[in-house]
Amino acid sequence: MVGRRDGSLMREKGQSFCGSRVTVAIAMGILLCCVSVLELLYPNGLFSSDPPPWLQKFWRTDRQTDSSSCKSQERANALKQGQDNAPKQFPVLGQQHKAGPFGTVKGLRTNPTVLPDESVNPRLAKLLKEIAIGKELIVALANSKVKDMLEVWFTSIRKVGIPNYLVVALDDEIAEFCKLNEVPMYKRDPDQGIDSIGKTGGSIAVSGLKFRILREFLQMGYSVLLSDVDIVYLQNPFDHIYRDSDVESMTDGHDNQTAYGYDDVFDDPVMGWSRHIYTVRIWVYNSGFFYIRPTIPSIELLDRVAGRLSEKPYLWDQAVFNEELFFPSHPGYEGLHAAKRTMDYYLFMNSKVLFKEVRKDDAKLSQLKPVIIHVNYHPDKLPRMKAIVDFYVNGKKDALQPFPDGT
Ligand SMILES: *[C@@H]1O[C@H](CO)[C@@H](O)[C@H](O)[C@H]1NC(C)=O
């Protein structure tokens, strides 16, 4: 039940905030590290039919199994598969190597890109050849509901002098608006089925569509910096991207710990000697601004997210995106093998960091120029975007003052 309630809560938020990647630090409590302590805590086993309450939220989302006998069979199969997989991967990964001395070994961090296949969308391929630089570009999806924000968005991009960006127009009005303003625009073919979602859909439906559209860009060998339109550009983001991971994303976090990960100690006093349990936490990646390389794990991620969202449209795309990225393989579930990087939260700044912290630090932080600012934490997006432009571009020192920290 917990899962279901959360699902509808997220949907309500998505609708009322009109496309916002709302805040709520759904900090993902990932996993308790120490299995033996877990066993102490949950004597029936972690995978009994009654997960502990804190786990139920995630547990209920997608992966319930029926009877325990069926479950143990699945576990056995999964185990078998796991044992078979490694040898099969050797030809893919190439030669075997001996491990070097202490301190010299490094895992493969950057996955190879796919062989570009332009046949998936020749019209888009032609457009991308003209627009992309170094096979990468900024992509935003927009319908006429976000027209005003889109205008601030592309005006800021032009001001910085970024040529490689593209708007995927989801309705005729926004397509016309882009043409009128000479904004690089791509309109999908009407026969591409899922287009009615883009025209009539709320933010949630558009979110699912986003991952399907992105796939074509990746299949054709392009890296995409996916961008919501409630974002102001102050520098060229391509000068600040590392390109060493499958997914490089801005964070909803607000300090070193919440953005980059920390050890959150859970206390269970009745356990006495073992009352402190160490957990690994990180604030979610923001699925409204991420750089994704054209690799197999990246495309698998898009497919997983789009697949789950089409089965359960009430899920919040950002929650699904993070679950797929971070949950490890476990019995009955195979995790994604994708490399991740969290962007610098002062350079790729969310609006909580700006309004709660940065704008108040006249001496230091407010002197720094971020690369982008995403108004993800606030529903009054347009006025805040304009104030950000006034502050950082037009030099109006008091432009950010009228707004409250939160809502
Ligand atoms: C956060 O991390 C950065 C980079 O590692 C470091 O320079 C900075 O001092 C840290 N900030 C705090 C408050 O610990």
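An unreviewed UniProt entry lists the protein chain under the name Glycosyltransferase, with Punica granatum given as the organism. Under Subcellular location (unreviewed entry), UniProt gives the following word-for-word description of the protein chain: "Golgi apparatus membrane". The UniProt entry for the protein chain carries the following comment under Sequence similarities (unreviewed entry): "Belongs to the glycosyltransferase 77 family."

A. The arrangement of the overall build of the protein chain in detail. Looking only at helices and strands, the protein chain features 14 helices and 13 strands. Burial analysis of the protein chain (407 residues in total) assigns 48% to the buried set. Put simply, of all contacts in the protein chain between residues at least 6 apart along the chain, 74% involve residues at least 24 apart. When the accessible surface of the protein chain is split by element, carbon and sulfur atoms take 55% of a total near 20400 Å².

B. Highlighting the pairing of strand 7 (residues 247-251). A large share of strand 7 lies buried, amounting to five of its five residues. In this sheet, strand 11 (residues 340-342) lies alongside strand 7 in parallel orientation, the contact comprising three bridges. Within strand 11, the position partnered with glutamate 248 by the bridge is arginine 341.

C. Here's a closer look at the sheet that holds strand 6 (residues 231-233). If you trace the three strands from one edge of the open sheet to the other, you get 6-13-12, paired in mixed fashion. Two strands in the sheet have a free side with no partner beyond their single neighbour: strand 6 and strand 12 (348-350). Averaged over all pairs of adjacent strands, the angle between their axes in this sheet comes to 15 degrees, without regard to strand direction. The sheet contact formed by strand 12 and strand 13 (residues 372-374) spans three bridges and is parallel. Residue pairing for strand 13: methionine 349 is matched across the bridge by isoleucine 373.

D. Just the packing of helix 6 (residues 147-160) against helix 14 (residues 381-392), in detail. Here helix 6 crosses helix 14 at 15 degrees, and the two axes come no closer than 10 Å. For the element pair helix 6 / helix 14, the angle class is roughly parallel. Relative to helix 14, the crossing made by helix 6 is left-handed. Along its contact with helix 6, which presents Asp148, Met149, Val152 and Trp153, the element helix 14 presents Lys381, Leu382, Met385, Lys386 and Val389. The residue inventory of the contact of helix 6 with helix 14, partitioned by class, reads six nonpolar, no polar and three charged.

E. Up close: the nonpolar core. Ile138, Leu150, Trp153, Tyr233, Phe289 and Leu354 are the most contacted members of the largest nonpolar core, which totals 54 residues. When residues no more than four places from it in sequence are discounted, the contact partners of tyrosine 233 are Ile138, Trp153, Ser156, Ile157, Val160, Ile162, Ser227, Phe289, Val371 and Ile372. In terms of nonpolar packing, the next biggest core, distinct from the first, is built from 42 residues, Val168, Ile292, Leu301 and Ala306 among them.

F. Region of the structure containing unusual backbone geometry. Residues other than glycine seldom take positive phi values, yet glutamate 182 does so here, at roughly 55 degrees. Structurally, the position occupied by glutamate 182 is in the loop between helix 7 (172-180) and strand 4 (185-187). The exposed category is assigned to glutamate 182, whose relative accessible area is 69%. Positive phi, normally seen in glycine, also occurs at arginine 243, with a value near 65 degrees. Assignment of secondary structure puts arginine 243 in the loop between strand 6 and strand 7.

G. Looking closely at the confidence of the model for the protein chain. With 73% of its residues at a pLDDT of 70 or more, the protein chain has an overall mean of 82. Within the model, pLDDT remains below 50 along residues 1-70, and this stretch shows 109 contacts once partners closer than five positions in the same chain are excluded.

H. Focus on the environment of glutamate 248. If you trace the backbone, glutamate 248 turns up in strand 7. For the pair formed by glutamate 248 and threonine 342, sequence separation is 94 residues and the distance between their alpha carbons is 5.8 Å. Leaving out residues up to four positions away in the same chain, glutamate 248 has contacts with His240, Ile241, Tyr242, Arg243, Phe290, Tyr291, Arg341 and Met343. A distance of 2.7 Å separates a polar side-chain atom of glutamate 248 from the backbone nitrogen of tyrosine 242.

I. Structural view of the packing of aromatic side chains. Under the defined criterion, the tally for this structure stands at 13 aromatic pairs. Note on phenylalanine 355 and phenylalanine 403: the rings are 5.8 Å apart at their centroids and 70 degrees apart in plane angle, and the pair reads as edge-to-face. Within this pair, whereas phenylalanine 355 is found in helix 13 (residues 351-357), its partner phenylalanine 403 is found in the segment after helix 14, the two being separated by 48 residues in sequence. When sorted by exposure, phenylalanine 355 lands in the same class as phenylalanine 403, which is buried. Taken together, the ring pairs in this structure connect Trp153, Tyr165, Tyr233, Phe289 and Phe348 into an aromatic cluster.

Calculation rules
Residues numbered from 1 in each chain as written. Predicted model: local features only at pLDDT ≥ 70, side-chain atom pairs only at ≥ 80, totals over all residues. Heavy atoms only, no water. UniProt positions renumbered as here; feature names shortened; annotations may be inferred. Helix = DSSP H or I, 4+ residues; strand = E, 2+ residues; numbered from the N terminus. Buried < 20%, exposed > 50% of the residue type's maximum accessible area, 1.4 Å probe, protein only. Contact = heavy atoms within 4.5 Å. Areas by Shrake-Rupley, 256 points an atom, 1.4 Å probe, with all protein chains shown as cover. Pairing = 2+ DSSP bridges. Axes fitted to C-alpha atoms, helices over the stretch in contact; angles between N-to-C directions. Parallel < 35°, antiparallel > 145°, perpendicular 65-115°, else oblique. Left-handed = near helix turned anticlockwise from the far one by under 90°. Nonpolar A, V, L, I, M, F, W, Y, C, P; charged D, E, K, R; others polar. Core = buried A, V, L, I, M, F, W, Y, C linked by side-chain atoms within 4.5 Å. pLDDT = per-residue confidence, 0-100. Polar contact = N/O pair within 3.5 Å; in protein donor to acceptor, adjacent residues only side chain to side chain. Phe/Tyr/Trp six-rings, centres within 6.5 Å; stacked < 30°, edge-to-face > 60°.

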